[in-house]
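Now for the letters of each chain:
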Amino acid sequence: MSNLPSSQSPARAAFAERIADQMFPCVGAKSALAAGGLSIVEAGPLACGRDDEKILDALEETAEAFWRGSGRRFHSLAVLFGGPAPRDEATFEAQMWARLQALADRDAARGAPVDPEVSEHPASPWFALSLGGHGYFIVGLHPAASRPARRFDQPALVFNLQAQFAALRRDGLYDKMRSAIMARDTALAGTPNPMLADFGDASAAAQFSGREVDGDWFCPFLPPMRRSRAA
């Protein structure tokens, strides 16, 4: 079931069990867990930045593991946040973007460049969160999520490397995986996810929190000032 040792914390074990559950739709996350490519770290409350350096360091390790070519196709980092959970989807979304903004600002202060394969502008169809020079697609989970696939007992953010999706496209496997996830998610929720859009077709920013938003939605993220830019 879980690929984590029994000595891990209850929160980490619970998250691993959530991913391993037969009904959980993301086959990529399942593959990462099964292959040992899913790292899980715990942090303070989502609205608190005390563990931002810890998160950035963990992301560096995640990217290094992917680029070392360890034979694992999927590498992701799940950050589990303690403290009280946001009361609704809008609150979670606001706290999530505040945390991602703080991480990006701190990353820029550390001198990290932008991943040249993505844009930091949230309106761009090539948007991804660039941290440590690598682009990430974020999946937010929390107890108040309307989509069943996005529910977890505490707030969590899963950082998925955009480079691994690009590798899947090169191998001709991306569309098959995406179709499988969409079908499983529809079976679980009873309806298709209205927020899904492919990288390069529309900005992924609206997908991060899991909340359904309309065309008037505005992403609050601001690209940080960096020593070098590529967007």
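Computed from a prediction, not measured in an experiment: that's the story for all the values here.

*Asks:* Can you tell me about the nonpolar core, naming the residues and giving the values?
*Replies:* The tendency in soluble globular proteins is for nonpolar side chains to be buried side by side. Counting residues in each nonpolar core, the largest one holds 54 residues, and the members touching the most others are Phe15, Trp97, Leu100, Leu131, Leu157, Phe159 and Phe208. Setting aside residues up to four positions removed in sequence, Phe208 forms contacts with Met96, Trp97, Leu100, Phe127, Tyr136, Phe137, Ile138, Val139, Gly140 and Arg150.

*Asks:* Describe the pairing of strand E2 (residues 76-81), with residues and values.
*Replies:* The side chains of a regular strand alternate between both faces of the sheet. The element E2 is extensively covered by neighbouring structure, given that six of its six residues are classed as buried. Of the two faces of E2, the one carrying Ser76, Ala78 and Leu80 and the one carrying Leu77, Val79 and Phe81 are both buried. Judged from the six bridges that link them, strand E1 (residues 38-43) and E2 form a sheet pairing that is parallel. Looking at the pairing, Leu38 lines up with Ser76 of E2. Here five bridges tie E2 to strand E5 (residues 156-161), and the two strands are oriented antiparallel to one another. Within E5, the residue paired with Ser76 across the bridge is Asn160.

*Asks:* Describe helix H6 (residues 174-189), with residues and values.
*Replies:* For H6, with 16 residues, the first-to-last C-alpha span of 22 Å sits near the 22 Å given by 1.5 Å per residue. Its buried side turned inward, H6 meets helix H2 (27-34) and helix H5 (162-170). The positive-phi residue at the C-terminal boundary of H6 is Gly190, with phi of around 90°.

*Asks:* How would you summarise the environment of Ala102 if you had to cite specific residues and measurements?
*Replies:* Counting through the fold element by element, Ala102 comes out in helix H4 (residues 89-109). Assessed through its relative accessible area of 23%, Ala102 is described here as partly exposed.

*Asks:* Summarise the pairing of E5; cite the residues concerned and give the values.
*Replies:* Burial runs high along E5: six of the six residues are buried. Neither face of E5 is left uncovered, since the one carrying Ala156, Val158 and Asn160 and the one carrying Leu157, Phe159 and Leu161 both have all their residues buried. The pairing of strand E4 (residues 134-141) with E5 spans six bridges and is antiparallel. Each bridged residue has a counterpart across the sheet, and for Leu141 the counterpart in E5 is Ala156.

*Asks:* Describe in detail the packing of aromatic side chains, supporting the description with residues and values.
*Replies:* All chains considered together, the criterion is met by nine aromatic pairs. For the ring pair Phe15 and Phe152, a centre distance of 5.1 Å and an interplane angle of 90° mean the geometry is edge-to-face. Here Phe15, found in helix H1 (residues 10-20), pairs with Phe152, found in the loop between E4 and E5; they are 137 residues apart in sequence, far enough to count as distant. Across this residue pair, the class does not change: Phe15 and Phe152 are buried. Seen in terms of ring centroids, Phe127 and Phe208 are 5.8 Å apart; in terms of plane orientation they differ by 35°. Their pairing is tilted. Of this pair, Phe127 sits in the loop between H4 and strand E3 (129-131) while Phe208 sits in the segment after H6; the two residues are 81 residues apart in sequence, bridging distant segments of the chain. Of the two residues, Phe127 and Phe208, neither departs from the other in class, the shared state being buried. An aromatic cluster is defined as three or more aromatic residues linked by ring pairs; in this entry it consists of Trp97, Phe127, Phe137, Phe208 and Phe221.

*Asks:* Describe in detail the sheet that holds E1, supporting the description with residues and values.
*Replies:* The mixed open sheet is built from five strands, whose spatial order is E1-E2-E5-E4-E3. At either end of the open sheet lies a strand with only one pairing partner, and these are E1 and E3. For this sheet, the mean inter-axis angle between neighbouring strands, taken without regard to orientation, is 30°. With respect to the sheet, helix H3 (residues 52-67) is in contact with E1, E2, E3, E4 and E5, its orientation differing from that of E2 by roughly 160°. Along the sheet, H5 makes contact with E2, E4 and E5, crossing E5 at roughly 45°.

What counts, and at which threshold
- One numbering rule holds for all chains: residues counted from 1, following each sequence as written.
- Restriction of local features to residues with pLDDT of at least 70 applies here, the model being predicted, together with a cutoff of 80 or more for giving and counting side-chain atom pairs; totals for whole chains, interfaces and linings are based on all residues.
- Side-chain numbers here rest on the full set of heavy atoms in the structure, without hydrogens or water.
- The criterion is simple. A nonpolar core is a set of buried Ala, Val, Leu, Ile, Met, Phe, Trp, Tyr and Cys residues joined through side-chain atoms within 4.5 Å.
- Under the scheme applied here, a residue whose accessible area is under 20% of the maximum for its type counts as buried, over 50% as exposed, and between as partly exposed, the area being computed with a 1.4 Å probe on protein chains only.
- The contact definition used throughout considers only heavy atoms, calling two residues in contact when any of these lie within 4.5 Å.
- Numbering of helices and strands starts at the N terminus; helices are DSSP runs of H or I of at least 4 residues and strands are runs of E of at least 2.
- Only when DSSP finds a minimum of two bridges between them are two strands counted as paired.
- Under the convention used throughout, the expected extent of a helix is 1.5 Å for every residue step, that is, one less than its residue count.
- Centre distance within 6.5 Å is the pairing criterion for rings of Phe, Tyr and Trp, where only the six-membered ring of Trp is used; planes under 30 degrees apart are then read as stacked, over 60 as edge-to-face, and the remainder as tilted.
- For helices, the fitted line uses only the C-alpha atoms of the stretch in contact; every axis is such a line through C-alpha atoms, and the angle between N-to-C directions lies from 0 to 180 degrees.

Taken by themselves, the reported measurements are silent on function.
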